[in-house]
Amino acid sequence: MITTYKSAENFLTSEEKFHIRPGLERVLAVLDILGNPQDKIKVIHIAGTNGKGSVCAILANILKCAGYKTGMYTSPHLISYTERIRINNENISDNDFAFYVDEISDISNKNNIDLTEFEILTVCAFKYFYDNNIDIAVMETGMGGRFDAVNVCKKPVLEIITSISLDHTDRLGDTIDKIAYEKAGIIKYDSAVIVSVQNRGFNVIKNTAENKNALLIKSEDKIINIFENNTNYAIINNKKYEFPLLGCYQEKNLALAVSAVNFLIKTGLKINENNLESGLKTVNWNARLQYISGRNILIDGAHNPDAAYELKRSLDLYFKNQKRIFIYSTLNTKDYKKISEILFEAHDEVYFLEFNHKNAVKFEEYKKNVNNLVNLYPLEESNIDEILAKNALKIVTGSLYMIGNIYKKITI
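Note that the coordinates shown come from a computational prediction; the quantities given were computed from them, not determined experimentally. (Residues numbered from 1 in each chain as written. Predicted model: local features only at pLDDT ≥ 70, side-chain atom pairs only at ≥ 80, totals over all residues. Heavy atoms only, no water.)

Asks: I'm lost on the packing of aromatic side chains in this one. Help?
Replies: The geometry of an aromatic ring pair is captured by the separation of the ring centres together with the interplanar angle, meaning the angle of the planes. According to the stated counting rule, one finds 17 aromatic pairs in the structure shown. Relative to Tyr128, the ring of Tyr100 has its centre 5.6 Å away and its plane inclined at 85 degrees; by these criteria the two rings are edge-to-face. With Tyr100 in helix α4 (residues 94-110) and Tyr128 in helix α5 (residues 117-131), this pair connects stretches of sequence that are 28 residues apart. Each of the two residues, Tyr100 as well as Tyr128, counts as buried. Between the aromatic rings of Tyr328 and Tyr366, the centroid separation amounts to 5.7 Å while the plane-to-plane angle is 50 degrees, which identifies the pairing as tilted. With Tyr328 in strand β14 (residues 324-329) and Tyr366 in helix α13 (residues 363-369), this residue pair connects regions lying 38 residues apart in the sequence. Among the residues examined, Tyr366 registers a relative accessible area of 0% and is labelled buried. Geometry around Tyr233 places Lys240 over its ring, the cationic atom sitting 4.7 Å from the centre. (Phe/Tyr/Trp six-rings, centres within 6.5 Å; stacked < 30°, edge-to-face > 60°. Helix = DSSP H or I, 4+ residues; strand = E, 2+ residues; numbered from the N terminus. Buried < 20%, exposed > 50% of the residue type's maximum accessible area, 1.4 Å probe, protein only. Lys NZ or Arg CZ within 6 Å of the ring centre and 35° of its normal.)

Structure (structure tokens):
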């Protein structure tokens, strides 16, 4: 029996559960036993390669500020699984988390339904949101879309597809069109989907929407992010809003979120200008261009080439005259050679941190596969404080699993 957060965590990360097995039949079977809570709540479903979490955070915070009891389901987490399931920005409690994991695992065992870690978490989120009588849930796809566990709602209020790039190519396909097809799998018949015309998979998404008689809404990519006097702002329809999420790429994410707000208003939700302003001003999304000014540390989980490109672009914009020191790590499932070519310049100092994950790349393997780094050094976790004390901009990037391992050390 699972009675504590730690026992729930141990169960979810066990070899028996901690793997990926696409398909909807197992999740649907358990949800059916539970009375199909996913069909009794309003859901906004978000898929894409990069930007899903940011769009979730922006949109959920605006809805919260508008007075709606808002659930949010995202992945992965940094420190605790409880970060993944939130209501009005409050994590599910350790006790509730253990209770729901125990309930779902017990049902799956009694009915001989073998759920994976992510499938258990997804069912927990749907049941928790339903039990707490939320008004609306903003839910992020884990990987892909078509066969992802979140893709079990019969009729979401809205679907959003963020930028698409090459990632998880071993599972989703090795071209943009193949990956876009998997992401577009969240589109339901007679639904509505928002996407940027600049999305590299736009034509595939457009064709899928047409085939399913779904309303295709093109987001307004006319939002500008500016950084003035150590404060970040977004310019929307010529009006300036305080917006703490740094990054050039946040312009596209914010455009998707604002387009979603405009659509939701047309469906009858009450969201006014003050809600938008306060929602943007107070939004928070850790480890995505998160800047800790007192220590001159930047944290960003850039784990694929497109994300690395956007991080580099943002570094050149916000911190162009500062010496850069990187703490970096990666999984062997990522194109870390290309990421390194994009992100690191020859004079940068790069400290490669090995960490505890079955797919984590070792220093010697990394060194053998990259050839543009002059100042490349191995780093042990016990020596991180020494690097963080250096007089330069310290950028902690790469695997979100690694960032989560050392997040408290960085942010204290």
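Asks: Would you take a moment to explain the sheet that holds strand β9 (residues 224-228) for this structure?
Replies: In sheet architecture, strand pairing relies on hydrogen bonds along the backbone and comes in two forms, parallel and antiparallel. The sheet built from three strands is open, its strands ordered β9-β10-β11 with antiparallel pairing. Strand pairing shows two members of the sheet lacking a second neighbour, β9 and β11 (239-242), which therefore form its edges. Averaged over all adjacent pairs, the angle separating strand axes in this sheet is 35 degrees, with direction ignored. Bridging between β9 and strand β10 (residues 231-236) involves five bridges; their strand directions are antiparallel. Bridge pairing in β10 links Ile226 to Tyr233. On the sheet, helix α10 (residues 273-281) packs against β10 and β11 and is oriented at approximately 45 degrees with respect to β11. (Pairing = 2+ DSSP bridges. Axes fitted to C-alpha atoms, helices over the stretch in contact; angles between N-to-C directions. Contact = heavy atoms within 4.5 Å.)

Asks: It is not clear to me how the sheet that holds strand β13 (residues 297-300) should be interpreted in this structure. Could you clarify?
Replies: Strand order in this open sheet of six strands is β12-β13-β17-β14-β15-β16, and the pairing throughout is mixed. The open sheet has two edge strands with one neighbour each: β12 (290-292) and β16 (375-379). For this sheet the average axis-to-axis angle between neighbouring strands, irrespective of direction, equals 20 degrees. With five bridges connecting them, strand β15 (residues 349-353) and β16 associate as parallel partners. Note that in β16 the partner of Phe352 across the bridge is Pro378.

Asks: What should I look at first to understand the packing of helix α3 (residues 52-65) against helix α9 (residues 250-266) in this one?
Replies: Packed helices, taken two at a time, are described by the angle their axes make and the gap between the axes. Orientation of α3 relative to α9, taken along the N-to-C sense of each, is 40 degrees, at an axis distance of 9 Å. The pairing of α3 with α9 is recorded here as oblique in orientation. Remark: the crossing between α3 and α9 carries right-handed chirality. The residues of α9 that touch α3, namely those facing Ser54, Val55, Ile58, Leu59, Ile62 and Leu63, are Gln250, Asn253, Leu254, Leu256, Ala257, Ala260, Val261 and Leu264. Each residue belonging to the contact of α3 with α9 can be placed in one class, and the counts come to eleven nonpolar, three polar and no charged. (Parallel < 35°, antiparallel > 145°, perpendicular 65-115°, else oblique. Left-handed = near helix turned anticlockwise from the far one by under 90°. Nonpolar A, V, L, I, M, F, W, Y, C, P; charged D, E, K, R; others polar.)

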